[in-house]
Each structure stands twice: as C-alpha cells, then as structure tokens.
Amino acid sequence: MRYLKQIILLQLLLTITIIAQKKNFTMEDVVFNSKTTLAPTTLKNLQWIPNEYSYSYVEKIDNNDEVLIKGHATSGMREEIISLNNLSENILNYS
C-alpha cells in the first residue's frame, strides 16, 4: 500500500512538471526580454517589520503615485497603508 502511494505521488509530480513546461523561449525572447518581461518583479524598499510576521514595500500604481504596502507573511494578505500623494497632502495640511 505504501509503495502504491509513492508511485501515485511520483506520477502526479511528473505530470505537473510536464504540464508546467509548455512555454518555449526563442533566442530573441531571452536576449531582448531578459530585463523586462522575463525579469522577476522586485519589491522597492522591502523591509521586515520588527516583532511581526509582516513586511512593507513601496509599489508604483497607474497614475504615477507610489503606495506603501504592508504584507502579512503568514496569510499572504496585503493592505495599502498610505500613498505618497496622501502623505504629501497630510504634511501640507498639518502646518
């Protein structure tokens, strides 16, 4: 019975691996897109929040505004803390 479970698990892993490898890259894709569409996304100003299982980073949104994002490492949830435009307005209104 244990041997059968191992075979089924191995077959499942091999099937998933084969299905995931359907995209073939041309030499042009690799050379010209290696720093754009093929590059992994980076998180700007990534920092761990002390004494929490959370992190923060800055993300650029559509209208050229930047937003401070707080992510929770355990649940994967993200929340928007404040945008740069809102922060600027609050500082101007404070004085």
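Here is what the cut-offs are and how they apply
Residues numbered from 1 in each chain as written. Predicted model: local features only at pLDDT ≥ 70, side-chain atom pairs only at ≥ 80, totals over all residues. Heavy atoms only, no water. Helix = DSSP H or I, 4+ residues; strand = E, 2+ residues; numbered from the N terminus. Buried < 20%, exposed > 50% of the residue type's maximum accessible area, 1.4 Å probe, protein only. Contact = heavy atoms within 4.5 Å. Areas by Shrake-Rupley, 256 points an atom, 1.4 Å probe, with all protein chains shown as cover. Phe/Tyr/Trp six-rings, centres within 6.5 Å; stacked < 30°, edge-to-face > 60°. Patch = residues over 30% accessible without salt bridge, like charges linked within 9 Å, V, L, I, M, F, W, Y side chains within 5 Å. Salt bridge = Lys/Arg side-chain N within 4 Å of Asp/Glu carboxyl O. Pairing = 2+ DSSP bridges.

**Quick notes on the overall build of the protein chain**
Each helix and strand counted, the protein chain has 3 helices and 4 strands in total. Helices and strands appear in the protein chain in the N-to-C order α-α-β-β-β-β-α. Residue burial in the protein chain is summarised as follows: out of 95 residues, 14% are buried. Counting only contacts in the protein chain whose residues sit at least 6 apart along the sequence, the fraction spanning at least 24 positions is 1%. When the accessible surface of the protein chain is summed, it comes to about 8800 Å², and 59% of that surface belongs to carbon and sulfur atoms.

**Let's talk about the packing of aromatic side chains**
Inspection of every chain in the model, using the stated rule, returns 2 aromatic pairs. Where Trp48 meets Tyr55, the ring centres are 5.7 Å apart and the plane angle is 75°; that geometry is what we call edge-to-face. Put simply, the rings of Trp48, Tyr55 and Tyr57 touch in pairs and so form one group of aromatic residues.

**Brief notes about a nonpolar patch on the surface**
A grouping of Phe25, Met27, Val30, Val31, Phe32 and Leu38 is seen on the molecular surface, where their side chains present a nonpolar patch of about 640 Å² in accessible area. With relative accessibility at 36%, the residue Leu38 sits in the partly exposed group.

**Some points on the pairing of strand β4 (residues 78-83)**
On any regular strand, side chains alternate: one points to one face of the sheet, the next to the other face. Looking at chain direction, strand β3 (residues 66-72) and β4 are connected through 5 bridges and run antiparallel. Following the sheet pairing, Lys70 is matched in β4 by Glu79. Between β3 and β4, which pair antiparallel and follow one another directly, the connecting turn spans 5 residues, one of which, Gly76, has a positive phi of 80°.

**Details of unusual backbone geometry**
Unusually for a residue other than glycine, Asn45 sits at a positive phi of about 60°. Mapped onto the elements, Asn45 comes out in strand β1 (residues 44-49). Assessed through its relative accessible area of 48%, Asn45 is described here as partly exposed. One non-glycine residue with positive phi stands out, namely Asn51, at about 60°.

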